[in-house]
Each structure stands twice: as C-alpha cells, then as structure tokens.
Amino acid sequence: MIPPDINPSTTLNAYIRDYALAKGTKYMCQEGGCGACIVTVKRINSATQKQETFGVNSCLVPVYSCHGWSIITIEGIGNRRNGFHKVQLTLAGFNGTQCGYCSPGMVMNMFSLLNSGKNITMKDVENSFGSNICRCTGYRSILDAFKSLASDATPELKRKCADIEDLYKEGKICPKTNEGCNNTCHKLYNKNNDNLLSDISNISIKMIFNDNTKWFRVTTIKEIYEVFETTDTSTKYMLLAGHTSNGVYRIGHIDIYIDINAVSDLHTYTVDPDTGNLILGANVSLTRAITIFKNMASEKPDKYAYLEQLANHIELVANVPVRNIGTLAGNLSIKYNNRNFPSDIFIILEAVKTKLTIGHITGIVYEYSLQGYLQLDMYQRLIINIILPPYDSSYVYGSYKIMQRAQNTHADVNSAFLVKVNKNDKFRVLETPNIVFGGINTNFIHATNTETYLNGKQLLNISVLKEACTILKSEVKPDSINAETSPLYRQSLAVNLFYKFILSLSPDNVSTKYKSGGTLLERPLSSGKQDFQTEKLIWPITKPIPKLEAFLQCSGEAEFVNDIPAVQNQLYAAVVLTRTGPGLLDNIDTSLIKNMPGVVKFLSAKDIPGKNIIISYTQVEIEELFAEKEIKFSGQPVGVVIATTQQIANVAAERVVVKVNNQQKPVLDLREVAQSGDKNRISIGATKPATTKKTDIKLKLNGSLLVGSQYHYTMETHTCFCIPTEDGIDVFSATQDLHMMQNNVAAVLAVPLNSVFVRTKRVGGGYGAKLIRSALVTSACALASNNLKVPVRSVMTMESNMEAIGKRFPMYGQYEIAINEKGVIQYANLNTYSNMGKFFNDTICKSLTYFGPVLYEDNVWDYKCYAARLDIPSNTYCRSPGSTEIIALNEYIMEHIAHEIKQDPVSIRLANIKQEHYSVISTLIADLKKNSDFDERKTAVDTFNNKNRWKKRGITLVPMCYAYDINMKYSVLLSVYAGDGTIALTHGGVEIGQGINTKVVQACAYTLGIDMNMIRVTSTNTITAPNNSGTGGSVASDSVTIAVIECCKILLQRLDPIKKKYPNLNWKDLINKADAEFVDLCCEYMYSPIVIPRKYNIYGVVVTEVEIDLLTGQHQIVRVDLLEDAGQSISPLVDIGQVEGAFVMGLGYYLNEKLIYDSNTGNLLTNRSWNYTPPGAKDIPIDFRVYFRRDVPNHLGILRSKATGEPPLCLSVSVVFAIRNALASGRKDATGKDEWFEINLPYTPENILLSAETTIEQFSL
Ligand SMILES: Cc1cc2nc3c(=O)[nH]c(=O)nc-3n(C[C@H](O)[C@H](O)[C@H](O)COP(=O)(O)OP(=O)(O)OC[C@H]3O[C@@H](n4cnc5c(N)ncnc54)[C@H](O)[C@@H]3O)c2cc1C
Ligand code: FES
Ligand code: FES
C-alpha cells in the first residue's frame, strides 16, 4: 500500500524511512556514492523470467519502479527481538563497527551478495565494497568479517567466524537478552518465505499525479511509442531504467516517467548466426553485461576473447549496487546529454565499433554508430539494441580507467584501443586502428591523427612509438573542467596510457626494465594482523570484546538523531547558502518558493529573537548565524526554509536566490597569503622560541610544505531535531559538544540556559566536525522550531554540509635549518601559517607549538605559528588537529636533511631526538625493524627500483611521540537500582564511534566487581552533565573512565558499612540491603584535570611500503607495520579499531582528498561523493599489521592504558615519504639527478605523475 501523497520522485529510501517507518536503512549522499542506504531486492528478471537477488542503493531507486519487487531491509534479516542474522553477528563480532552509521549498508551489501546465488569468494568480497564508505574503521575489520563468510575463507577467518557464531548462537551469550541463548536466532529471515509478486511483474500501469506528472510502466516497445505519442517537445520525459543517472547529474523535474524495466526486449541478448554479432537489449544492466561478456569470452574465445577485457573494465564502473540496476543505454544517454561525462561504457564500446539500433516513434528502426548516435535528435527515439561484432585473434584490444582511488569514482582519463595487427611483423597495423579517449574534452573521442599515422606501421618499433606519442600529445587537448584534474595531467596520462598499451602487447619483446610498465598495479587480496596483550586475571579490563553497541548498530536498531520517530505537526528545515562571496548582501529573493507546495516559511537574520551568532561563548570574533549585510565567503548561510518534508525544504533552499553586490575575488590560496605578509590577513597565533643556537654549521637548508584540508566526511551529516516543550525546548543534536549547543541555542533564542535541554545518544561520525560546528544546524533548527512553535528536524545534504562547514586547518610551513656534519640541527626556524578560514574562533596555532616541539631536541627549534584569514568557511578541528600537520612538517625536515647529506633518515631522526625519548624510540625502532624485516625489504625495494623503469617502490620508517594532556572536564552520574542491582549511568562524553561506552562499562564492572551485563549507559544530556567539555582530542574516553571509577569508589565507600555488617551478601542483596538502610545509590563525579592531572607521551613507529606506477601516477600501499604504544589497553579490539581507522583517515588526507574552490566565486566545487574521494575498501594497505607495544603499563594513565583515537593519524605521513622515495628513483632515472623536490599534497595520481619528469623521449621497448 502506497500512500497517495507519494510522488514519482519519492525514493525507495524515503519510502522505507518515512512511510514504512523502518529507520534501520540510513542515507547520506543520496547519489549512490556512500552505500549507507543499501537494501536487498528480489524480483523476477523480465528477460530471463528467473528470480534474482541483488543489492541496490535505495536512494537512487524511485519507489514506483519497485513494482513487483520484494524489498528486504536490515530489519528484515535480524534484530534484537528475533535474533541477529549471521552477517550482522559477524560484522559486530569482528569489531567492524565504530560509529555504526555505515553498518546497516555494509550488512545489506553482504547479505545481497550472499543471496545472489553466486559462489562468493574472498576476492568477490573485496571487489564488492567499493560501494560502501566507512570513515571510522579503516575497513580491515569489515573486510575480515565478510571474507570469513566467503566460500574460500582462510581457516583462521572461518574459525573466528565460527567462534562468533558459537558465542552468540550456541547458548553462551545472547546479545539480545544477555543470557543463555535459546537458539531462536537466524529464524527471522527465511529465503523460502519470500513473497515474490511474480504474477503482477508483467503488467502495464499508468498513474497520474496531482501535479499532472505521469508514471507509465510499460511492458513492450510498442507501448513506449504510445507514450511518446502523448508527448510534445515541451514535455520532459524519461525512459526510466535504473534511475542511477541521478547519482551523476541531478535529473530534476520530469513530466512523464516511462518505466521500461518490464520490457523484456530491452533486456535480452542473442547472437546473430550470420554475422556472429552479439546483440544485447539496450537496457541490459551493467552487472548482467559483465556476466554475458565473460561467458561469451570463455565459450568462444576465437571470436569474443576481447569481451573478457570489456567485462573487466565494466567492473571498474561505479559499484556493485549501481551496476545491478544501471544499464548500458542509461550510461550512453548520460554521455549523450553531457558530452564531458567520461563514460567508460561509451569509450569501450566505441573502440570495438559497436552499433546501436535506434527506433523512432514512427516504428522505423535504423542502425547507428555511437558517434552517429551522438549527432541524432533522440526526441521520441529509443535505443533498442547494442551490437558488438566478433573479433579474431589478429585484433588486439586494451582499455584503461585511471581514477583518484581504487574503486567507485569516475575516470580522470579512460581509454580503449582496438588494433588489427600482424603479430609476426612487430605488430604491424593492418587497418586504421581505434584509439579512443574519454575525459579529454567535450568533442574528443578518437585520436584520429594518431590513428591515421599508425595505419601500416609497426607498433613495436621504437621510432614509430615515439612519433605516434608525439602526434597523440599534439592532438589531445584537454579542457579545463571545474573540479577535475588539470589539462596537463590528462594530456600526459593519455599519452602514457597509449604507451602502456604498446608495452602490454608482447611483454616478451619488451626489455625487462620496461616490461612492468605494461600492466597496471596489481592488488592481491588484503590481509591484516593484530597483535596485543590481554590479561585474563583482570577481565573485563583488557578483554578483547566488540563494542557494546555493535549488534544494534549492525541490525540498524541503534538510533541516530534522524531516526527519532516523527511527532505530530513536525516540520523540516534546510539552511539557505550563498553561492558566491565575499561581497555585500543585496537581497534574498524568495519569490520562487512563495507558492511552492509544502513550503511553510523562510526565516533570516531579522527573525532571530536573540543574538545573531553561531558560537556563543568561545567566540573571539563575531560569526553570524545568518549573514545580515556582509557576505564573508561562499557557502555562508543567510536563512532557513521550513517545509513539510526534508526533500521540499532542500529543494526550496536551492531555489532561494541570494543576490550579492560588490563581489570581490575570494582569497583562497594559503601560500599566497603567507608569502604576501598581508597584516590584514595574518596574525601571530603562538610561538615557541628556541633557547639556544648552536654553531657547528655544515649546511643550511630551506624548504616548505603545504598540507591541505580534509572534509570530515561524517556519514551522518549535521543533524538536529528540536521539540518545543512547556519547559522550553528539547534539542536532539548530533553533536560532540552539548554544552556549546545549549549556549548557542539559548543565545539565539534569547532564553535562559535552563530552558534548553540538549540530548545526544550517539553521532554517526564526528572527528571534530561536530564540536563547535554543529552549531549551525542546531541553532537554525531551534530557531525554526521556536518561531513556529512546532517540532522541526533538519538534516543537511552532503553538498550543503560540505559547502557551509569548515574542515581541517591546512598548514603552510616554511623552514630554514642549519645542520652539522652528522645532520644534527644547530638551529631551526619554522614559520607556519594555518588557514583559519574566515574567522579566528576555532584555534589551532597553540596546538602546533604544543605538538611540534615534542620528539626532537627542541631547544634549537624556533616555532612561529601564524593564523591566516582566507575567504572560506571557518576551518575547524579534524581528528588529530595541529599534531598531524606539525608532525608532518618536522618529519619532512628530517627527510630533507637525510637526503641532503645522503644519510639514512632513521639515523638522522635518532641523531636529533630528545634524550628523554631516545631509549624508548630506539627500542621501538629496533623491534619494528625486526618484526617488519625492514632492512631486507629496503634492499629488495632498491633492487626492484633498479630493475624497473615505470613501477617504483618506496619504504620508510617514521617514529612518533604524541604529547597527551587532558585539560577537559566530564561528569558521570551513576544510579544503582534496588531490586535487581542493575546500574544505569550517563556521562558527559559522546559516543562518536570511539567506544567510550564500552571502556566505561569495562572499568565500571571491574571496579565494582560485577558483570558487565549489569551496566547500561544511556544518552548524554545537559542536565546530568552540565558545563561539560566537548568530546574530542582522544581525551573523553580516558576522562570519563576516571570519572566512572571515582563514582564507583564513592559507591563502594557508601556500601562499605553494609558490607561489613553483612559480609556474605551477593551484589543484588547488598544493594537491596543498602537501599533498605537509606544509602544513596546515586553517585556523581566530575573529572577535573586539576584534581587528577593526566599527562604522558604516546609513542609509535610505523614502517610503510608503497608501489607507484609512474605512467599513471597510481599508487598502492603494499604493507604497513604499525607499532603503537597503547599502554595496557582497556579494550584492545576497540583500540585496534581506533588505530586502523585513524591511520586510514590519514592515508586519505595525504593521498586522495582534495578540496577545489571556484577561483571567482569561492564556491566549493568538490562537494559530492562524485568528486570528493576518501579511501575505499581497496585503498587500504594490502598487508596491514598493527602491534601494541608489550608489557608497558602506563602508570600515568587510566587503568594503565593510553589514548588511541588520534595519535596514529600522525603516523600516516609515512606514506608521503614512502611515495617520495619511490618517486625519487623514477626522477633519477628520468633526469639522472637526485635532487630534493617539493610536490603538492595530497599525492594524488595527478601530482605523482606530473612529478615523475617523464617525457616521450624516455619511452623505450
Ligand atoms: C555512484 C555512481 C558511480 C558511477 N561511476 C561511473 C563510472 O565510473 N563510469 C561510468 O561510465 N559511469 C559511471 N556511472 C554511471 C552509471 O553507469 C549510469 O548511472 C548508469 O549506467 C545509467 O543507467 P540507468 O539504467 O540507471 O539509467 P537511467 O538513470 O534510468 O536513465 C538515464 C538516461 O538514459 C535514458 N535512457 C535509458 N534507457 C534508454 C533507452 N533504451 N533509449 C534511450 N534512452 C534511454 C533515460 O531517458 C535517461 O535520460 C556511475 C553512476 C553512479 C550513480
Ligand atoms: S545515500 Fe544512497 S549511496 Fe549514499
Ligand atoms: S563505523 Fe563506518 S562510518 Fe562510522
């Protein structure tokens, strides 16, 4: 039953969440890029008439296209009441969750795979998670969990999986009851019970909606033409297949939807017996095309061997759920409508001279080439078939897709080559070849000059090769495209890919040194190792257990703010942003939304009853909630639209026109600002002067390092829900800092603090984004709720979240150092500039001077840290803020010294290290060197580099000392209940995925000597934890753990007299007795750093090895060995997860993640999952080993432990040095020189390729 008010653009996701009220399925990007929304579909395939099961992104699927489908959501496979599904148990048991926001999507993707009817191998698992982003875990645990369910799982994984099943299934512990299992688990989902609506899947449907939008579900091509007849040129219609193109370019309003999924002729395939042509229905899905191609290639390799390569290429298109419903014709149509779209399908089909049959409303069907199709007027036309010819073995085919990460992003450049050759005559070209490129410019398809030149020439002739590459270079003229890679890179890449293709033709005829250039980087299955200690005697302390919330996270039952059930009269809010700045606000034009159905009100600065501010109490400079007169930067909020649904509010917010006068060119370049010395933009933020200057100077070095920004990429965007109450306002904010939100809301609404009650159960990823900066959506939502006196909810879109909210502080560091003969620093002058964005409110400079002078002999280091003002939103804290950037600069300097005096970087580090750290660090280095076979591998790397011209390897070892110091306060309120003796506690920290509740419960159970099952942690709020610090800096878990231990001590003290009186009572009876004797069973304690100071050093060492491809700039991380000093970890699995997650977040920072702004408007161009690419499952180290330092209880820490959330991120800079080592070898081969070089971070394929100094002259065979 579908409620009548659902319109055709309502997605399956919106339906599941808002109408079926099943909140387990999440969403974030709404464009197929993050996987939070994956559900399982069962349907009858219209072509095969067979049942099929697969995963889809529910955010891309219009709910009306699900006709005849059976949808299985996370709730349908298992839950706390009926038992968890094996996939849920396994993910939880392997500790594959942290914040848990990605977990339901992960589970459903795996569930879909396992039910697809295929034999799922570990390789399939690794290849199938490009669809799902997890920002917390670093993926290793998730991959291990799911690989344990694969048919070829290693015995170790299988055993672990069986252990988890046994533990939760066979009567030991049931996570839903915490008691012995009664074996009812796994009974919820039963394949055989699937109620497939097969009998109605083939019927035609017509629906007309209130706004005259029409939905036709057709079953024949004839019916499509009949619908065409009802259109005229003003009608916007869409042939709806997978509807996934909405994830690439937003589709916008459609008048007529023609759902063609039941048209079997568009989904079948056949082989023409006369020509041997493979004739595919145009709307065969990409997944099915892969299967068909692979089958054809293996059945008749003499004709269709090339189809195997086509299939391999399609496996790099999008991700599994998108490919499951996205179709060939749909993809070609995106190219037809947007010529800049680097369609992979178009280039691979064009290279093999594919023909399309296209039918017209008149019934006439013609055959067209792909290029002919691009010239055609497609109005009232339909692609019916895609025809691929057979090719015998005289044809050679190759294709490439080069992208910013391993999976699930579009090509920077893609290419496909088909050449008929005489293999016995040095691959002489026998007819005009096909050389096709995508991603070059709007019109570029074929390199026609190169094609003409090559006809008749020998491909394996070095002078032909060089001439062809020179011609190719001259005809490939890439456009400059917003948010895309540079023209120079794409031109070089095109030439290099052609060279790579030639190298691949006959490896035996290529000299050994160049041979490896003929392949792309080959990534084997990844694996991980975790080494930690546990001490059974003191369990649950040190016990390796999954996060307490893991099972509920994996069943979708863990509630996030946007999962709180809707209440009566509830409305939705969306902030309106400027899309240009700086300038003066001229006018906010709301005329376009005045009569828009569903829009309730627009509020701007003038509607704010209190202060128009965003940060109320730590504010150094006034930051307006909504701009009043001056627009400071693009992305600045000017108001909020309130509407009846979030979708309407979002659309309306986009329709508000913000007019800006006196627009100035935004200042966006930190380096330029730093070098300008402009006092209006730069001010000194902190200093740490040198105390001495040594004079044994052999060499002076200068250099600089620019480390960029990073979007936090929380899978839950900024979200808030406000409910007016008789006491004031209840604020459910996804924030790391409740006290800050309470203050902001009170200031904006001009109400007393005690009328604002803020609550947070958990957040779906924070990493610092939700400290101060949750204030925008929280204040806007509270304003809307207060104004209309109704509950209001607001969930930011990914785009507005990225545009409006600041990110990691980029840092530009300049250094001048002097060293002696041994590389010991005599003096070091460092000037760093932090890009604060527009305001100086979130401070960073002090962190730089705090974390900088820690590891090395700092009496000679002089730090000056400047704050720089740029015209972008105020930047903010991001996991390991300040420490990441300044440690990167320190280590960069060590590498520079080592390079200049040709010494081993490790010995330079040891030569400069502070005496107090020398013994620890040198021992850790020695241990890790041994464990990682560092010396042998370094030799192997050198040998590899000598033998290979185009592939290079690099290995590096980097130490770390992170100075940890708690300076925040957190409360705990602990209540024990007479009756059963159970405990509920609430604390001032926020569960952001770091496992705070798990550690707190372990510590509480340990201190009281009771079972963990007796303790429950409830949400954080501003009544029981008033005036508390925000959760960040890896300090909350520690501090709250201390507070809970102190609470327990208070309780034990109160219980002591009763215990003495009744020495043999068990816990429950003791509590009952205490209650009867009027003992207060509710304790409160606030951790204060003044009462219990905590200050210690966290050590770490990492060895990182990489391989890069100089021809494409791509890289992969071969192995990481990370030795972390976690003290005596309270919760080793939780801490391992923190280490892996932090390290992988750092990899993204240094390798993948790039923010690009429009230089004229200041608008953030990389604001989508389509163009901002954090690491995916196949970007992590292939071999990822984490070791915890052994036998080192930390007596300055809580229960002898150390913090783990942030420090490991600092170690990820090792990947930069490993890549530099590899690159240095390539540059030396290219230029004969071994010079120190500076290249921009992040080390994207673009920056690596452009730094390799490769020229056509160096090409050889
Ligand atoms: C996250 C993501 C990543 C992606 N990555 C890549 C990538 O790396 N490389 C790449 O090449 N593509 C990529 N894509 C694009 C993807 O391949 C396409 O979205 C998909 O193939 C479109 O097919 P569809 O059936 O969903 O089309 P729909 O969205 O249903 O339709 C798209 C258009 O095709 C028209 N159309 C459909 N069928 C016909 C027909 N038979 N005749 C005429 N017109 C027709 C429709 O009218 C509509 O205009 C990505 C997409 C997403 C969402
Ligand atoms: S919300 Fe559907 S993929 Fe991101
Ligand atoms: S656990 Fe995956 S995003 Fe947080």
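Above this text sits the structure in question.
Residues numbered from 1 in each chain as written. Chains lettered and ligands numbered in written order. Predicted model: local features only at pLDDT ≥ 70, side-chain atom pairs only at ≥ 80, totals over all residues. Heavy atoms only, no water.

1. Let's talk about the overall build of the protein
Link 1 in the chain: When you go through the protein residue by residue, the secondary structure sums to 37 helices and 41 strands.
Link 2 in the chain: Taken over the C-alpha trace, the protein has a radius of gyration of 31 Å; the compact-globule value for 1261 residues is 33 Å, and the two agree within 12%.
Link 3 in the chain: Taken over the C-alpha atoms alone, the protein extends approximately 100 × 80 × 70 Å along its principal axes.
Link 4 in the chain: Scored against the burial criterion, the 1261 residues of the protein give a buried share of 65%.
Link 5 in the chain: Excluding contacts between residues fewer than 6 apart, the proportion of contacts in the protein whose partners are at least 24 apart in sequence is 77%.
Link 6 in the chain: In the form shown here, the protein has an accessible surface area of approximately 44,200 Å², with 49% of it arising from carbon and sulfur atoms.
Link 7 in the chain: Measuring between centres, the 127 positive side-chain charges of the protein sit 1 Å from its 123 negative side-chain charges. (Helix = DSSP H or I, 4+ residues; strand = E, 2+ residues; numbered from the N terminus. Rg over C-alpha atoms; globule rule 2.2 N^0.38 Å. Buried < 20%, exposed > 50% of the residue type's maximum accessible area, 1.4 Å probe, protein only. Contact = heavy atoms within 4.5 Å. Areas by Shrake-Rupley, 256 points an atom, 1.4 Å probe, with all protein chains shown as cover. Lys, Arg positive; Asp, Glu negative; His and termini not counted. Charge placed at Lys NZ, Arg CZ, Asp CG, Glu CD.)

2. Here we look at the side chain of Asn496
Link 1 in the chain: Residue placement: Asn496 occurs in helix H17 (residues 487-505).
Link 2 in the chain: Here Asn496 is in contact with Leu1110, Leu1111, Leu1249 and Phe1259, once residues within four sequence places are set aside.

3. A short note on unusual backbone geometry
Link 1 in the chain: Each neighbour pair has its own omega, and for Gly581 with Pro582 the value is 0°, a cis peptide bond.
Link 2 in the chain: Mapping Pro582 onto the fold places it in the loop between strand E18 (571-577) and strand E19 (583-589).
Link 3 in the chain: In the segment running from Leu1241 into Pro1242, the intervening peptide bond is cis, with an omega of -5°.
Link 4 in the chain: Topologically, Pro1242 is positioned in the loop between helix H36 (1214-1231) and helix H37 (1245-1251).

4. Some remarks on the packing of helix H10 (residues 301-314) against helix H13 (residues 344-351)
Link 1 in the chain: Interhelical geometry of H10 versus H13 gives an angle of 170° and a closest axis separation of 10 Å. Here H10 is positioned roughly antiparallel relative to H13, judged by the angle of their axes. Of the residues in H13, those touching H10 at Leu310, His313 and Ile314 are Asp344, Ile345, Ile347, Ile348 and Leu349.
Link 2 in the chain: The residue inventory of the contact of H10 with H13, partitioned by class, reads 6 nonpolar, 1 polar and 1 charged. (Axes fitted to C-alpha atoms, helices over the stretch in contact; angles between N-to-C directions. Parallel < 35°, antiparallel > 145°, perpendicular 65-115°, else oblique. Nonpolar A, V, L, I, M, F, W, Y, C, P; charged D, E, K, R; others polar.)

5. A closer look at the site of ligand 1
Link 1 in the chain: In the neighbourhood of ligand 1, 37 residues make up the surrounding shell, with Thr244, Ser245, Thr327, Asp344 and Lys401 lying closest.
Link 2 in the chain: At 2.9 Å from a nitrogen atom of ligand 1 is found a main-chain nitrogen or oxygen belonging to Ile383.
Link 3 in the chain: Here an oxygen atom of ligand 1 sits 2.6 Å away from a polar atom, N or O, in the side chain of Lys401.
Link 4 in the chain: Here the shell around ligand 1 takes 5 residues from helix H12 (residues 328-337), the largest share from any one element.
Link 5 in the chain: For the shell around ligand 1, the residue count by class is 18 nonpolar, 16 polar and 3 charged. (Near = heavy atom within 4 Å. Polar contact = N/O pair within 3.5 Å; in protein donor to acceptor, adjacent residues only side chain to side chain.)

6. Let's talk about the packing of aromatic side chains
Link 1 in the chain: Tallied over the full model, the rule gives 43 aromatic pairs.
Link 2 in the chain: Taken together, Tyr400, Phe417, Phe437, Phe444, Phe498 and Phe501 form an aromatic cluster joined through their ring pairs.
Link 3 in the chain: Geometry around Phe1237 places Arg1227 over its ring, the cationic atom sitting 4.1 Å from the centre. (Phe/Tyr/Trp six-rings, centres within 6.5 Å; stacked < 30°, edge-to-face > 60°. Lys NZ or Arg CZ within 6 Å of the ring centre and 35° of its normal.)

7. Some words on the sheet that holds strand E21 (residues 630-631)
Link 1 in the chain: Spatially, 3 strands are ordered E21-E19-E23 in an open sheet, and the strand pairing comes out antiparallel. Both edges of this open sheet fall to E21 and strand E23 (657-661), since each of them pairs with a single strand only. (Pairing = 2+ DSSP bridges.)

8. Considerations on empty space enclosed by the protein
Link 1 in the chain: Tallied over the full model, the rule gives 12 cavities of 30 Å³ or more.
Link 2 in the chain: Counted as a void, the largest cavity has a volume near 140 Å³.
Link 3 in the chain: Lining the largest cavity we find 14 residues, and of these Ile614, Glu623, Phe633, Arg773 and Ala804 sit closest to its centre.
Link 4 in the chain: Tallied by class, the residues present in the lining of the largest cavity amount to 8 nonpolar, 3 polar and 3 charged. (1 Å grid on protein atoms, 1.4 Å probe; cavity = no way out; pocket = protein on both sides within 12 Å on 5 of 7 lines; lining within 4 Å. Points joined across faces, edges and corners; volume = space filled by probe spheres on them.)

9. Some thoughts on a negative patch on the surface
Link 1 in the chain: A surface patch of like charges, here negative, comprises Asp904, Asp933, Asp935 and Glu936.
Link 2 in the chain: As for its position among the elements, Glu936 is in helix H30 (residues 934-947).
Link 3 in the chain: Overall, the relative accessible area of 52% leaves Glu936 in the exposed class. (Patch = residues over 30% accessible without salt bridge, like charges linked within 9 Å, V, L, I, M, F, W, Y side chains within 5 Å. Salt bridge = Lys/Arg side-chain N within 4 Å of Asp/Glu carboxyl O.)

10. Let's talk about the environment of Glu630
Link 1 in the chain: Tracing the backbone through its elements, the reader meets Glu630 in strand E21.
Link 2 in the chain: Overall, the relative accessible area of 41% leaves Glu630 in the partly exposed class.
Link 3 in the chain: Sequence-distant contacts of Glu630, defined by excluding residues within four places in its chain, comprise Gly583, Leu584, Glu624 and Gln636.

11. What to know about the nonpolar core
Link 1 in the chain: Core analysis: the largest hydrophobic core is formed by 302 residues, its most contacted members being Phe146, Phe437, Phe498, Trp861, Leu974 and Trp1067.
Link 2 in the chain: Beyond its immediate sequence surroundings of up to four residues, Trp1067 is in contact with Val976, Gly981, Ile983, Leu1008, Ile1010, Met1014, Leu1051 and Leu1055.
Link 3 in the chain: Val317, Leu332, Ala351 and Ile358 belong to the second largest nonpolar core, which has 47 residues in total. (Core = buried A, V, L, I, M, F, W, Y, C linked by side-chain atoms within 4.5 Å.)

12. Digging into the pairing of strand E41 (residues 1183-1188)
Link 1 in the chain: Among the 6 residues in E41, 5 count as buried, and that is most of the element.
Link 2 in the chain: Both strand E17 (residues 527-531) and E41 contribute to a ladder of 5 bridges, which runs parallel. Within E41, the position partnered with Gln530 by the bridge is Val1186.
Link 3 in the chain: Taken together, the 6 bridges between strand E40 (residues 1115-1124) and E41 define a ladder with parallel strand orientation. Paired with Glu1124 across the strands is Phe1188, a residue of E41.
Link 4 in the chain: After leaving E40, the chain enters helix H34 (residues 1132-1151) and then returns to the sheet as E41, a path that is right-handed. (Right-handed = clockwise from strand over helix to strand, strands pointing away.)

13. Focus on the side chain of Glu885
Link 1 in the chain: Along the chain, Glu885 falls in helix H27 (residues 883-900).
Link 2 in the chain: Since its relative accessible area comes to 2%, Glu885 is described here as buried.
Link 3 in the chain: Of note is the side chain of Glu885, whose polar atom sits 2.9 Å from the side chain of Arg808.
Link 4 in the chain: Excluding residues that lie within four positions of it along the chain, Glu885 makes contacts with Val707, Arg808, Phe809, Met811, Ser880 and Tyr1149.

14. Describing the pattern of salt bridges
Link 1 in the chain: Applying the stated criterion to the full structure yields 54 salt bridges.
Link 2 in the chain: A salt bridge links Glu623 to Arg773; its shortest N-O distance comes to 2.9 Å. Linking Glu623 in the loop between strand E20 (599-604) and E21 with Arg773 in the loop between strand E28 (756-760) and helix H24 (775-788), this pair joins segments that are 150 residues apart in sequence.
Link 3 in the chain: Taking relative accessible area as the criterion, Glu623 reaches 5% and is therefore assigned buried.

15. Description of helix H6 (residues 140-147)
Link 1 in the chain: Where burial is concerned, most of H6 is hidden: 8 out of the 8 residues are buried.
Link 2 in the chain: Looking only at H6, the buried set comprises Arg140, Ser141, Ile142, Leu143, Asp144, Ala145, Phe146 and Lys147.

16. Details of the pairing of strand E29 (residues 792-795)
Link 1 in the chain: Burial along E29 is two-sided: the residues Val792 and Ser794 and Arg793 and Val795 are all buried.
Link 2 in the chain: Strand direction decides the pairing type here: E18 and E29, joined by 2 bridges, are parallel. Looking across to E29, one finds that Tyr572 is bridged to Arg793.
Link 3 in the chain: The sheet contact formed by strand E26 (residues 719-725) and E29 spans 4 bridges and is antiparallel. Looking at E29, one finds that Cys722 is bridged to Val792.

17. Let's talk about the packing of H34 against H36
Link 1 in the chain: Look at H34 against H36: their axes get within 9 Å of each other, and the N-to-C directions meet at 50°. By the angle class used here, H34 and H36 are oblique. Touching Phe1143, Leu1147, Tyr1150 and Leu1151 of H34 are Ser1214, Val1215, Val1216 and Ile1219, all from H36.
Link 2 in the chain: Residues of the contact of H34 with H36, tallied by class, amount to 7 nonpolar, 1 polar and no charged.

18. Regarding the sheet that holds strand E1 (residues 38-44)
Link 1 in the chain: Strand order in the open sheet formed by 3 strands is E2-E1-E3, with antiparallel pairing between adjacent strands. The strands lining the two open edges of the sheet, one partner per strand, are strand E2 (51-57) and strand E3 (70-72). Across the sheet, the mean angle separating the axes of adjacent strands is 25° when strand polarity is ignored.
Link 2 in the chain: Each of E1, E2 and E3 touches helix H4 (residues 103-114); the most contacted strand, E1, lies at about 30° to it.

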